[in-house]
Amino acid sequence: MKFTTKAVHKGQKPDVTTGAMIPPIYMTSTYIQEAPAQTKGYDYTRAGNPNFSNLETTLAALEQGKYATIFSSGLGAITGLVTTLKSGDTVLATNDLYGGTYRLFSRIFSNFGIQFFTVDTQDLAATEAMLKEKSAKMILIESPTNPLLKVSDISAVAELARKYGTLSIVDNTFASPYFQNPLLLGADVVMHSTTKYIGGHSDTVGGVIVTNSKELKEKIDLTRMAVGLNPSPFDVWLTSKGVKTLGLRMERHAKNSMALAEFLNTHPKVSKVFYPGLKKHPNYEVAKKQMSGFSGIVSVEFNLSLEESKKLISSCQLFSLAESLGGVESLVNHPASMTHASIPRAERLKIGLNDGLVRFSCGIEETEDLIADIMAAIDAV
Ligand SMILES: Cc1ncc(COP(=O)(O)O)c(C=O)c1O
(Lines give C-alpha, C1' and ligand atoms only; values in the text may rest on other atoms or scores of the structure.)
Protein backbone atom coordinates (compact mmCIF):
# COMPACT_ATOMS: atom_id res chain seq x y z
CA MET A 1 0.00 0.00 0.00
CA LYS A 2 1.36 3.43 -0.94
CA PHE A 3 1.91 6.32 1.50
CA THR A 4 -1.26 8.40 1.06
CA THR A 5 -3.50 5.31 0.96
CA LYS A 6 -2.00 4.29 4.30
CA ALA A 7 -2.42 7.82 5.67
CA VAL A 8 -6.13 7.73 4.81
CA HIS A 9 -6.91 4.13 5.82
CA LYS A 10 -4.46 2.74 8.42
CA GLY A 11 -5.83 3.41 11.91
CA GLN A 12 -8.61 5.45 10.29
CA LYS A 13 -11.39 2.80 10.33
CA PRO A 14 -15.03 3.94 10.63
CA ASP A 15 -16.67 3.49 14.03
CA VAL A 16 -17.99 -0.11 14.27
CA THR A 17 -20.95 0.62 16.53
CA THR A 18 -22.53 3.45 14.50
CA GLY A 19 -20.82 3.32 11.11
CA ALA A 20 -19.64 6.92 11.56
CA MET A 21 -17.00 7.48 8.88
CA ILE A 22 -14.82 9.39 11.34
CA PRO A 23 -14.14 7.67 14.67
CA PRO A 24 -15.48 9.74 17.60
CA ILE A 25 -13.29 11.62 20.06
CA TYR A 26 -13.10 9.32 23.07
CA MET A 27 -13.04 12.24 25.47
CA THR A 28 -12.99 10.12 28.60
CA SER A 29 -10.58 9.73 31.47
CA THR A 30 -11.84 6.33 32.59
CA TYR A 31 -13.65 3.19 31.35
CA ILE A 32 -16.34 1.05 32.97
CA GLN A 33 -15.06 -2.37 34.07
CA GLU A 34 -17.40 -5.41 34.04
CA ALA A 35 -15.64 -6.83 37.09
CA PRO A 36 -12.45 -5.66 38.85
CA ALA A 37 -9.64 -5.53 36.26
CA GLN A 38 -11.98 -6.86 33.53
CA THR A 39 -11.77 -4.20 30.82
CA LYS A 40 -12.39 -3.91 27.09
CA GLY A 41 -8.69 -3.05 26.62
CA TYR A 42 -8.62 0.38 28.28
CA ASP A 43 -8.80 1.34 31.94
CA TYR A 44 -7.57 4.96 32.25
CA THR A 45 -6.62 7.48 29.54
CA ARG A 46 -3.16 8.18 30.97
CA ALA A 47 -2.45 4.52 30.03
CA GLY A 48 -4.37 4.33 26.76
CA ASN A 49 -7.34 5.52 24.70
CA PRO A 50 -8.90 4.35 21.40
CA ASN A 51 -7.87 7.61 19.68
CA PHE A 52 -4.26 6.96 20.76
CA SER A 53 -4.40 3.40 19.37
CA ASN A 54 -5.77 4.68 16.03
CA LEU A 55 -3.04 7.31 15.56
CA GLU A 56 -0.33 4.88 16.68
CA THR A 57 -1.47 2.42 13.98
CA THR A 58 -1.33 5.19 11.35
CA LEU A 59 2.10 6.50 12.37
CA ALA A 60 3.72 3.05 12.68
CA ALA A 61 2.47 2.32 9.14
CA LEU A 62 3.78 5.63 7.74
CA GLU A 63 7.23 5.15 9.31
CA GLN A 64 7.23 1.49 8.20
CA GLY A 65 7.78 0.36 11.78
CA LYS A 66 6.00 -2.14 14.00
CA TYR A 67 5.17 -0.09 17.08
CA ALA A 68 4.34 3.55 17.82
CA THR A 69 3.67 5.37 21.08
CA ILE A 70 2.26 8.89 20.98
CA PHE A 71 3.02 11.61 23.51
CA SER A 72 1.84 15.02 24.67
CA SER A 73 4.61 16.75 22.63
CA GLY A 74 7.84 16.07 20.76
CA LEU A 75 9.78 16.85 23.94
CA GLY A 76 7.41 14.52 25.79
CA ALA A 77 8.43 11.78 23.33
CA ILE A 78 12.14 12.41 24.03
CA THR A 79 11.36 12.41 27.77
CA GLY A 80 9.59 9.06 27.36
CA LEU A 81 12.74 7.64 25.79
CA VAL A 82 15.27 9.18 28.16
CA THR A 83 13.35 8.12 31.28
CA THR A 84 14.04 4.50 30.27
CA LEU A 85 17.70 5.29 31.17
CA LYS A 86 19.39 5.38 34.56
CA SER A 87 21.37 8.08 36.37
CA GLY A 88 24.96 8.00 35.08
CA ASP A 89 23.96 6.95 31.55
CA THR A 90 25.16 9.05 28.62
CA VAL A 91 23.31 10.47 25.62
CA LEU A 92 25.08 11.82 22.53
CA ALA A 93 23.32 14.15 20.10
CA THR A 94 23.86 16.03 16.85
CA ASN A 95 25.44 19.41 17.69
CA ASP A 96 22.88 21.43 15.70
CA LEU A 97 19.71 20.64 17.62
CA TYR A 98 16.30 22.19 18.28
CA GLY A 99 16.84 24.60 21.22
CA GLY A 100 14.17 22.95 23.36
CA THR A 101 15.82 19.53 23.01
CA TYR A 102 19.17 21.05 24.02
CA ARG A 103 17.51 22.74 27.03
CA LEU A 104 15.80 19.47 28.08
CA PHE A 105 19.17 17.74 28.35
CA SER A 106 21.29 20.63 29.61
CA ARG A 107 18.88 22.01 32.23
CA ILE A 108 16.54 19.16 33.19
CA PHE A 109 18.02 15.69 32.63
CA SER A 110 21.41 16.94 33.89
CA ASN A 111 19.75 17.21 37.34
CA PHE A 112 19.01 13.49 37.21
CA GLY A 113 22.55 12.40 36.32
CA ILE A 114 22.05 11.90 32.57
CA GLN A 115 25.33 12.90 30.90
CA PHE A 116 24.87 14.80 27.64
CA PHE A 117 27.39 15.46 24.86
CA THR A 118 27.01 16.77 21.33
CA VAL A 119 28.99 15.88 18.24
CA ASP A 120 28.88 16.84 14.58
CA THR A 121 27.15 13.69 13.27
CA GLN A 122 27.97 14.74 9.68
CA ASP A 123 31.54 13.86 10.65
CA LEU A 124 31.65 10.06 10.96
CA ALA A 125 35.18 9.90 12.39
CA ALA A 126 34.28 12.39 15.14
CA THR A 127 31.05 10.51 15.82
CA GLU A 128 32.85 7.18 16.12
CA ALA A 129 35.45 8.70 18.45
CA MET A 130 32.70 10.04 20.74
CA LEU A 131 30.75 6.76 20.67
CA LYS A 132 33.91 4.94 21.68
CA GLU A 133 34.94 7.44 24.36
CA LYS A 134 31.56 8.02 26.00
CA SER A 135 29.98 4.53 25.88
CA ALA A 136 26.71 6.32 25.16
CA LYS A 137 23.44 4.46 25.71
CA MET A 138 21.68 6.57 23.05
CA ILE A 139 22.61 8.76 20.09
CA LEU A 140 20.02 11.28 18.95
CA ILE A 141 20.47 12.36 15.34
CA GLU A 142 18.51 15.33 14.00
CA SER A 143 18.50 15.24 10.18
CA PRO A 144 17.87 17.64 8.56
CA THR A 145 18.72 19.76 11.59
CA ASN A 146 16.83 22.69 13.05
CA PRO A 147 17.71 25.38 12.01
CA LEU A 148 20.82 24.88 9.82
CA LEU A 149 19.42 22.01 7.69
CA LYS A 150 22.55 19.89 8.15
CA VAL A 151 22.14 16.32 6.94
CA SER A 152 23.83 13.33 8.55
CA ASP A 153 24.29 9.97 6.86
CA ILE A 154 21.70 8.05 8.88
CA SER A 155 22.73 4.54 7.70
CA ALA A 156 26.38 5.22 8.51
CA VAL A 157 25.69 6.70 11.96
CA ALA A 158 23.23 3.89 12.78
CA GLU A 159 25.84 1.32 11.80
CA LEU A 160 28.45 2.97 14.03
CA ALA A 161 25.94 3.08 16.87
CA ARG A 162 25.29 -0.66 16.44
CA LYS A 163 29.02 -1.33 16.57
CA TYR A 164 29.26 0.36 19.99
CA GLY A 165 25.98 -1.00 21.40
CA THR A 166 24.31 2.45 21.32
CA LEU A 167 20.60 2.89 20.52
CA SER A 168 20.24 5.15 17.45
CA ILE A 169 17.33 7.59 17.43
CA VAL A 170 16.45 9.91 14.55
CA ASP A 171 14.42 13.06 15.08
CA ASN A 172 12.62 12.95 11.72
CA THR A 173 10.45 16.01 12.34
CA PHE A 174 11.94 18.12 9.51
CA ALA A 175 11.73 15.44 6.80
CA SER A 176 8.38 13.87 7.87
CA PRO A 177 7.76 10.17 7.15
CA TYR A 178 6.77 11.15 3.61
CA PHE A 179 10.34 12.05 2.62
CA GLN A 180 12.45 9.89 4.95
CA ASN A 181 12.03 6.61 6.86
CA PRO A 182 14.98 6.22 9.27
CA LEU A 183 14.01 2.69 10.38
CA LEU A 184 14.52 1.53 6.79
CA LEU A 185 17.96 3.18 6.91
CA GLY A 186 18.93 1.08 9.95
CA ALA A 187 18.02 3.40 12.86
CA ASP A 188 16.55 1.77 15.98
CA VAL A 189 14.05 4.50 16.76
CA VAL A 190 12.38 7.39 14.98
CA MET A 191 10.74 10.31 16.76
CA HIS A 192 8.65 13.26 15.61
CA SER A 193 7.18 16.39 16.97
CA THR A 194 3.73 15.68 15.46
CA THR A 195 3.03 19.35 16.20
CA LYS A 196 4.75 20.06 12.88
CA TYR A 197 4.15 18.34 9.50
CA ILE A 198 2.22 15.31 10.80
CA GLY A 199 -0.52 17.40 12.43
CA GLY A 200 0.10 20.04 9.80
CA HIS A 201 -2.40 22.73 10.81
CA SER A 202 -0.75 24.51 13.78
CA ASP A 203 -3.63 23.44 16.01
CA THR A 204 -2.16 20.69 18.21
CA VAL A 205 1.01 19.79 20.09
CA GLY A 206 2.14 16.16 20.10
CA GLY A 207 4.94 13.67 19.65
CA VAL A 208 5.57 10.06 18.65
CA ILE A 209 8.19 7.32 18.98
CA VAL A 210 8.25 4.50 16.41
CA THR A 211 10.39 1.36 16.71
CA ASN A 212 10.55 -2.29 15.68
CA SER A 213 11.60 -3.35 19.19
CA LYS A 214 8.77 -4.83 21.28
CA GLU A 215 10.94 -4.53 24.39
CA LEU A 216 11.51 -0.80 23.85
CA LYS A 217 7.83 -0.23 23.02
CA GLU A 218 6.87 -1.83 26.35
CA LYS A 219 9.41 0.31 28.22
CA ILE A 220 8.22 3.59 26.71
CA ASP A 221 4.56 2.69 27.14
CA LEU A 222 5.42 2.32 30.82
CA THR A 223 7.25 5.67 31.03
CA ARG A 224 4.40 7.46 29.21
CA MET A 225 1.86 6.06 31.65
CA ALA A 226 3.97 6.32 34.80
CA VAL A 227 5.29 9.86 34.12
CA GLY A 228 1.99 11.14 32.65
CA LEU A 229 3.26 12.06 29.17
CA ASN A 230 -0.02 11.20 27.41
CA PRO A 231 -1.71 13.60 24.99
CA SER A 232 -5.36 14.69 25.07
CA PRO A 233 -7.78 12.56 22.99
CA PHE A 234 -8.98 15.73 21.25
CA ASP A 235 -5.46 16.69 20.11
CA VAL A 236 -4.91 13.13 18.92
CA TRP A 237 -8.19 13.13 16.99
CA LEU A 238 -7.12 16.40 15.29
CA THR A 239 -3.74 14.86 14.43
CA SER A 240 -5.45 11.79 12.90
CA LYS A 241 -7.46 14.18 10.72
CA GLY A 242 -4.41 16.23 9.75
CA VAL A 243 -2.17 13.30 8.86
CA LYS A 244 -4.50 12.10 6.06
CA THR A 245 -3.20 14.86 3.78
CA LEU A 246 0.46 14.64 4.83
CA GLY A 247 1.71 13.40 1.44
CA LEU A 248 -0.18 16.07 -0.51
CA ARG A 249 1.00 18.83 1.80
CA MET A 250 4.63 17.69 1.76
CA GLU A 251 4.72 17.86 -2.05
CA ARG A 252 3.62 21.50 -1.91
CA HIS A 253 5.88 22.43 1.04
CA ALA A 254 8.87 21.01 -0.87
CA LYS A 255 7.92 22.71 -4.17
CA ASN A 256 7.57 26.09 -2.43
CA SER A 257 10.83 25.65 -0.52
CA MET A 258 12.84 24.68 -3.57
CA ALA A 259 11.51 27.74 -5.43
CA LEU A 260 12.26 30.03 -2.48
CA ALA A 261 15.76 28.57 -2.00
CA GLU A 262 16.55 29.03 -5.71
CA PHE A 263 15.20 32.59 -5.71
CA LEU A 264 17.19 33.61 -2.62
CA ASN A 265 20.32 31.77 -3.79
CA THR A 266 20.93 34.36 -6.51
CA HIS A 267 19.59 37.41 -4.67
CA PRO A 268 22.20 40.14 -4.04
CA LYS A 269 20.88 40.83 -0.52
CA VAL A 270 21.47 37.21 0.51
CA SER A 271 24.80 35.85 1.68
CA LYS A 272 23.90 32.19 2.49
CA VAL A 273 21.00 29.86 1.79
CA PHE A 274 20.65 26.62 3.73
CA TYR A 275 18.47 24.06 1.91
CA PRO A 276 19.43 20.41 1.32
CA GLY A 277 17.80 20.45 -2.13
CA LEU A 278 20.35 22.96 -3.50
CA LYS A 279 23.22 21.21 -5.30
CA LYS A 280 25.69 23.47 -3.49
CA HIS A 281 24.49 22.23 -0.07
CA PRO A 282 27.46 20.36 1.46
CA ASN A 283 25.31 17.29 2.20
CA TYR A 284 23.28 17.33 -1.05
CA GLU A 285 24.44 13.84 -2.12
CA VAL A 286 23.64 12.27 1.26
CA ALA A 287 20.27 14.03 1.33
CA LYS A 288 19.46 12.74 -2.17
CA LYS A 289 20.43 9.21 -1.15
CA GLN A 290 18.30 9.00 1.97
CA MET A 291 15.40 11.41 1.35
CA SER A 292 12.81 11.26 -1.43
CA GLY A 293 12.30 15.05 -1.19
CA PHE A 294 13.96 17.96 0.59
CA SER A 295 11.02 19.13 2.69
CA GLY A 296 9.78 22.60 3.54
CA ILE A 297 12.26 24.63 5.58
CA VAL A 298 14.74 27.15 4.19
CA SER A 299 17.18 29.09 6.41
CA VAL A 300 18.88 32.23 5.18
CA GLU A 301 21.54 34.76 6.12
CA PHE A 302 20.97 38.15 4.51
CA ASN A 303 23.60 40.75 3.63
CA LEU A 304 21.93 42.98 6.19
CA SER A 305 22.55 44.17 9.72
CA LEU A 306 20.76 42.31 12.51
CA GLU A 307 18.30 45.20 12.86
CA GLU A 308 17.59 45.17 9.10
CA SER A 309 17.07 41.39 9.16
CA LYS A 310 14.60 41.78 12.02
CA LYS A 311 12.78 44.52 10.08
CA LEU A 312 12.60 42.23 7.04
CA ILE A 313 11.08 39.43 9.12
CA SER A 314 8.46 41.78 10.57
CA SER A 315 7.64 43.15 7.10
CA CYS A 316 6.50 39.76 5.73
CA GLN A 317 2.73 39.56 5.31
CA LEU A 318 2.14 35.90 4.33
CA PHE A 319 5.02 34.48 6.37
CA SER A 320 3.72 35.05 9.92
CA LEU A 321 6.32 35.73 12.58
CA ALA A 322 5.91 32.81 14.98
CA GLU A 323 7.59 29.84 16.62
CA SER A 324 7.00 26.36 15.11
CA LEU A 325 6.95 25.12 11.52
CA GLY A 326 5.35 22.56 9.23
CA GLY A 327 1.82 23.96 9.12
CA VAL A 328 -0.20 24.83 6.02
CA GLU A 329 0.46 28.52 6.69
CA SER A 330 3.96 29.90 6.09
CA LEU A 331 5.93 31.03 9.13
CA VAL A 332 9.14 32.99 9.63
CA ASN A 333 11.34 32.74 12.70
CA HIS A 334 14.50 34.34 14.12
CA PRO A 335 16.24 31.33 15.78
CA ALA A 336 18.78 33.30 17.85
CA SER A 337 16.06 35.20 19.73
CA MET A 338 13.21 32.68 19.47
CA THR A 339 13.43 28.88 19.00
CA HIS A 340 17.14 28.58 19.84
CA ALA A 341 17.51 31.33 22.46
CA SER A 342 17.95 28.64 25.15
CA ILE A 343 21.31 27.62 23.61
CA PRO A 344 24.16 29.84 24.91
CA ARG A 345 25.30 32.31 22.20
CA ALA A 346 28.88 30.98 22.20
CA GLU A 347 27.56 27.46 21.52
CA ARG A 348 25.34 28.76 18.72
CA LEU A 349 28.21 30.61 17.05
CA LYS A 350 30.46 27.55 17.30
CA ILE A 351 28.11 25.54 15.07
CA GLY A 352 27.46 28.41 12.64
CA LEU A 353 24.11 29.57 13.99
CA ASN A 354 24.65 33.31 13.55
CA ASP A 355 22.52 36.07 15.06
CA GLY A 356 21.27 37.10 11.60
CA LEU A 357 19.92 33.65 10.58
CA VAL A 358 16.28 33.67 9.46
CA ARG A 359 14.26 30.42 9.14
CA PHE A 360 11.34 30.18 6.73
CA SER A 361 8.75 27.39 6.95
CA CYS A 362 7.04 27.35 3.58
CA GLY A 363 3.33 26.62 3.81
CA ILE A 364 1.03 25.39 1.06
CA GLU A 365 0.13 28.79 -0.38
CA GLU A 366 0.87 29.52 -4.06
CA THR A 367 4.60 29.72 -4.77
CA GLU A 368 4.38 33.07 -6.61
CA ASP A 369 2.60 34.71 -3.66
CA LEU A 370 5.25 33.53 -1.19
CA ILE A 371 8.11 34.78 -3.34
CA ALA A 372 6.35 38.10 -3.90
CA ASP A 373 5.91 38.41 -0.12
CA ILE A 374 9.64 37.97 0.50
CA MET A 375 10.55 40.30 -2.39
CA ALA A 376 8.35 43.01 -0.89
CA ALA A 377 9.84 42.44 2.58
CA ILE A 378 13.39 42.74 1.20
CA ASP A 379 12.41 45.92 -0.66
CA ALA A 380 10.92 47.35 2.55
CA VAL A 381 14.32 47.27 4.28
C1 LIG B 1 13.27 19.14 15.27
C2 LIG B 1 12.39 19.27 16.47
N3 LIG B 1 12.34 18.28 17.38
C4 LIG B 1 11.56 18.35 18.48
C5 LIG B 1 10.79 19.46 18.73
C6 LIG B 1 9.97 19.54 19.98
O7 LIG B 1 8.63 19.29 19.69
P8 LIG B 1 7.40 19.87 20.53
O9 LIG B 1 7.42 21.36 20.39
O10 LIG B 1 6.22 19.20 19.94
O11 LIG B 1 7.65 19.45 21.96
C12 LIG B 1 10.81 20.53 17.82
C13 LIG B 1 10.00 21.73 18.06
O14 LIG B 1 10.14 22.73 17.39
C15 LIG B 1 11.63 20.43 16.66
O16 LIG B 1 11.71 21.41 15.75
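(A) A look at unusual backbone geometry. The omega torsion of the bond from S143 to P144 falls at -10°, within 30 degrees of zero and hence cis. Residue N146 is joined to P147 through a cis peptide bond whose omega torsion reads 10°. For P147, the position within the fold is in the loop between β4 (138-142) and α6 (154-163). Here Q64, not a glycine, exhibits a phi torsion of approximately 55°, which is positive. Looking at the secondary structure, you find Q64 in the loop between α2 (50-62) and β1 (67-71). Located in the positive-phi region is S295, a residue other than glycine, with phi close to 70°. Summarising the element assignment, S295 is placed in the loop between α11 (284-290) and β9 (297-302). For S295, a count of 29 C-beta atoms within 10 Å translates into the label buried.

(B) Molecular detail of helix α10 (residues 246-265). In this model α10 runs 28 Å from its N-terminal to its C-terminal C-alpha over 20 residues, within 8% of the 28 Å that 1.5 Å per residue would give. Among the residues making up α10, those that are buried are L246, G247, R249, M250, H253, A254, N256, S257, M258, L260, A261 and L264.

(C) Region of interest: the sheet that holds strand β2 (residues 90-94). The 7 strands are arranged β1-β7-β6-β5-β4-β2-β3 in an open sheet whose pairing can be described as mixed. Two strands bound the open sheet, and with one partner strand each, they are β1 and β3 (115-119). Each adjacent strand pair in this sheet contributes to an overall mean axis angle of 20°, direction not counted. Inspection of the sheet shows β1 paired to strand β7 (residues 207-211) by 5 bridges, in the antiparallel sense. Note on β7: the bridge partner recorded for Y67 is T211.

(D) How the structure looks around the domain arrangement of the protein. Along its sequence, the protein is organised into domain 1 (3-243) and domain 2 (247-380). With 32 residues of domain 1 at the contact, the number on the domain 2 side is 34 residues. Of all elements in the fold, only α1 (3-9), α4 (99-108) and α7 (176-179) reach the threshold of two or more residues within the side of domain 1 that touches domain 2. The element that contributes the greatest number of residues to the side of domain 1 that touches domain 2 is α4, accounting for 4 residues. Broken down by class, the residue content of the side of domain 1 that touches domain 2 amounts to 16 nonpolar, 11 polar and 5 charged.

The rules we used
Residues numbered from 1 in each chain as written. Predicted model: local features only at pLDDT ≥ 70, side-chain atom pairs only at ≥ 80, totals over all residues. Helix = DSSP H or I, 4+ residues; strand = E, 2+ residues; numbered from the N terminus. Buried ≥ 20, exposed ≤ 12 C-beta atoms within 10 Å, placed from the backbone. Expected span 1.5 Å × (residues − 1). Pairing = 2+ DSSP bridges. Axes fitted to C-alpha atoms, helices over the stretch in contact; angles between N-to-C directions. Domains from an automatic or database assignment. Contact = placed C-beta atoms within 7 Å. Nonpolar A, V, L, I, M, F, W, Y, C, P; charged D, E, K, R; others polar.

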